[in-house]
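# Observations on the three-dimensional arrangement
As a plain string of letters, each chain reads:
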Amino acid sequence: MSSGAAKPDVQSRRLGDDGIARNFGDLHSPLSRSEALIEADRCYFCYDAPCTTACPTGIDIPGFIQKIRSDNLRGSAHTILTENIMGGMCARVCPTEVLCEEACVRNTSEEKPVEIGLLQRYATDPVFADGTQLFERAPATGKTVAVVGGGPAGLSCAHRLAMLGHDVVVFNRAGKSGGLNEYGIAAYKTIDDFAQKEVAWILSIGGIELRNGQALGQDFTLAELRDDYDAVFIGVGLGTTNTLGIANESLSGVEDAIDYIALLRQASDLGELPVGRRVVVIGGGMTAIDIAVQSRRLGAEIVDIVYRRGPEQMGASSHEQELAQTNGVTIHHWAMPVELVGDQHVTTVRFARTELDGDGRPVATGDEFELRADTVFKAIGQALQDESLGDLEVTAGRIVVDAACRTSLDGVWAGGDCIADGDDLTVSAVQHGKIAALDIDRHLRGA
Ligand SMILES: Cc1cc2nc3c(=O)[nH]c(=O)nc-3n(C[C@H](O)[C@H](O)[C@H](O)COP(=O)(O)OP(=O)(O)OC[C@H]3O[C@@H](n4cnc5c(N)ncnc54)[C@H](O)[C@@H]3O)c2cc1C
Ligand code: SF4
């Protein structure tokens, strides 16, 4: 295949408004009351519910489903949100096929689990629709806690601390809070500005002051926070993106998938976003799937994902891989990029086929192929921005914490994607924030 200087075909408005509206509507329609009741009736209400054990936040799943059966949606939402304050977002974004629904015993008897995620959404949607407050603050303790990062980990920690009677200030670098719920999750998973509705509801408990546009390492230091507050929680996520480390990464048309997704999530008119006719995505995680599917849904004609290992090693679940394939994306396994080709704008990516060496690392076999591209998205993972973390112990690019989310520094806790246990799931970040808040509370009460 020639790698000559073809004119890049990158355009906005590849699809009309109707096509865009169709493609970026709700990925899964919410259940109607009758559908929810039928689905709730499928639950066996297992005594030792394996789904609850499989949920990182330990929601009492049979308990909330039982309340749906008796039309007690407020009680059901209370059961969910008590364990997971972002139960609304998690109902939309959790890869349930590898969490609660994978553990459902209906898988063995009928090969189809109870639709736990959709039931969770059915129960929690009314809370966010009418702003019902379900929680009360305990009497004020007079203690103040600084939370750095307004994503799922930080907001979960802040809400639990506020419930326990502490006053919280959330410092958040971005202009809006919600973290990747606002800037990262695929648009069709969280429509109608749900991320901001959820943030507003979380803050409505009171006792939480949100300071957007305030960054650790820029506007204040960790030492200052430790002096000024009774405890500090760090939930800064992963701030930088890994690079490919190959020639010509600065060609135009070579883009960071996360930056583009953030642009897409903030766009008031999706049709205005320019997208290539031929898009190549490099990576194998959720970000790679999301940018590939969203490119197709913006009207890209040919979208290829290239990953250096096999389907089982992809960070994206088989369900997510299937979503890409049913959206017309081709996934190529066992290949890695060796060169981005183009004059000023990328036209082609040269790949080497890979195999595993003796240490289990993918290496080039010597066999190569090329893919034409108008846009190349890098989706090869993120890294911690650790310059602002001072003496905090960091290993393999993540903050070291114990089981209670305590860091190596007294009075400092951390959770979410930025810690060593982070598994890059919203639900896990929420759980870290909750665990840390409970331990901070014990610490502040001298228990
Ligand atoms: C493209 C993409 C798609 C994803 N899709 C899914 C999905 O479908 N399902 C799922 O479960 N998970 C998904 N994830 C993962 C999920 O979004 C994260 O695991 C989750 O958001 C982590 O929460 P967090 O609070 O740790 O970090 P973040 O959400 O990254 O939030 C960190 C916050 O800290 C702030 N911050 C950063 N640095 C500083 C600083 N120095 N000072 C102050 N504030 C700072 C940021 O502005 C941000 O608001 C996806 C991730 C990506 C990138
Ligand atoms: S939070 Fe996620 S994993 Fe837990 S029950 Fe809800 S959908 Fe399942």
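As a starting point, this report considers the structure included with it. (Residues numbered from 1 in each chain as written. Chains lettered and ligands numbered in written order. Predicted model: local features only at pLDDT ≥ 70, side-chain atom pairs only at ≥ 80, totals over all residues. Heavy atoms only, no water.)

In terms of helices and strands, the protein carries 17 helices and 19 strands. A compact globule built from 447 residues would reach a C-alpha radius of gyration of about 22 Å, and the protein, at 23 Å, matches this within 12%. For the C-alpha atoms alone, the extent of the protein along its principal axes is close to 70 × 55 × 50 Å. Here the analysis covers contacts within the protein between residues at least 6 apart in sequence; of these, 72% occur between residues at least 24 apart. Here the protein has roughly 19100 Å² of accessible surface; of this, 47% comes from carbon and sulfur atoms. (Helix = DSSP H or I, 4+ residues; strand = E, 2+ residues; numbered from the N terminus. Rg over C-alpha atoms; globule rule 2.2 N^0.38 Å. Contact = heavy atoms within 4.5 Å. Areas by Shrake-Rupley, 256 points an atom, 1.4 Å probe, with all protein chains shown as cover.)

Below, the discussion takes up the site of ligand 2. Around ligand 2, the neighbouring residues are Cys-55, Ile-59, Ile-61, Asn-84, Cys-90, Cys-94, Thr-96, Leu-99, Cys-100, Gln-120 and Val-427. Within the shell around ligand 2, the residues separate by chemical class into eight nonpolar, three polar and no charged. (Near = heavy atom within 4 Å. Nonpolar A, V, L, I, M, F, W, Y, C, P; charged D, E, K, R; others polar.)

The local shell around ligand 1 holds 34 residues, among which Val-93, Asn-172, Lys-189, Leu-216 and Asp-417 are the closest. Within the side chain of Asn-172, a nitrogen or oxygen atom sits 2.6 Å from an oxygen atom of ligand 1. Contacts to ligand 1 include Leu-216, whose backbone N or O atom sits 2.9 Å from a nitrogen atom. Across the complex, the protein chains shield 94% of the 1000 Å² of accessible surface that ligand 1 would expose by itself. Taken together, the elements giving at least two residues each to the shell around ligand 1 come down to helix H10 (152-163), strand S3 (167-172), helix H14 (257-266), helix H15 (286-298) and helix H17 (426-444). Considering every element that reaches the shell around ligand 1, the biggest residue donor is H15, with three residues. Counted by class, the shell around ligand 1 contains 16 nonpolar, 13 polar and five charged residues. (Polar contact = N/O pair within 3.5 Å; in protein donor to acceptor, adjacent residues only side chain to side chain.)

Next up on the list: unusual backbone geometry. If you check the backbone angles, Trp-334 has positive phi at about 55 degrees while not being a glycine. Note on placement: Trp-334 falls in the loop between strand S11 (329-332) and strand S12 (335-342). Among the residues examined, Trp-334 registers a relative accessible area of 29% and is labelled partly exposed. Phi at Asp-424 is positive, roughly 60 degrees, even though this residue is not glycine. (Buried < 20%, exposed > 50% of the residue type's maximum accessible area, 1.4 Å probe, protein only.)

What follows concerns H15. Taking 1.5 Å per residue, 13 residues should reach 18 Å; H15 reaches 18 Å between its end C-alpha atoms and fits that length. Along H15, 10 of the 13 residues are buried, which leaves the element largely enclosed by surrounding structure. The complete set of buried residues in H15 reads Ala-288, Ile-289, Asp-290, Ile-291, Ala-292, Val-293, Gln-294, Ser-295, Arg-297 and Leu-298. (Expected span 1.5 Å × (residues − 1).)

The next thing to look at is the nonpolar core. Counting residues in each nonpolar core, the largest one holds 39 residues, and the members touching the most others are Leu-81, Trp-201 and Ile-440. A total of seven residues in this core trace back to one element, the largest contributor, which is H10. Counting 32 residues, the second-largest nonpolar core is a separate cluster that includes Leu-264, Leu-323, Ile-331 and Ala-379. (Core = buried A, V, L, I, M, F, W, Y, C linked by side-chain atoms within 4.5 Å.)

This part takes up the pattern of salt bridges. Within the structure shown, the criterion is met by 28 salt bridges. With its nearest N and O atoms 2.9 Å apart, the salt bridge here joins Asp-125 to Arg-92. A residue pair is termed long-range when its members are at least 10 positions apart, and Asp-125 in helix H9 (residues 116-130) and Arg-92 in helix H6 (residues 87-93) qualify at 33 residues. With a closest N to O distance of 3.3 Å, Asp-367 and Arg-353 form a salt bridge. Here Asp-367 is found in strand S14 (residues 362-372), whereas its partner Arg-353 is found in strand S13 (residues 346-356), with 14 residues between them in sequence. The structure contains a network of salt bridges with shared partners spanning Asp-9, Arg-14, Arg-277 and Glu-301. (Salt bridge = Lys/Arg side-chain N within 4 Å of Asp/Glu carboxyl O.)

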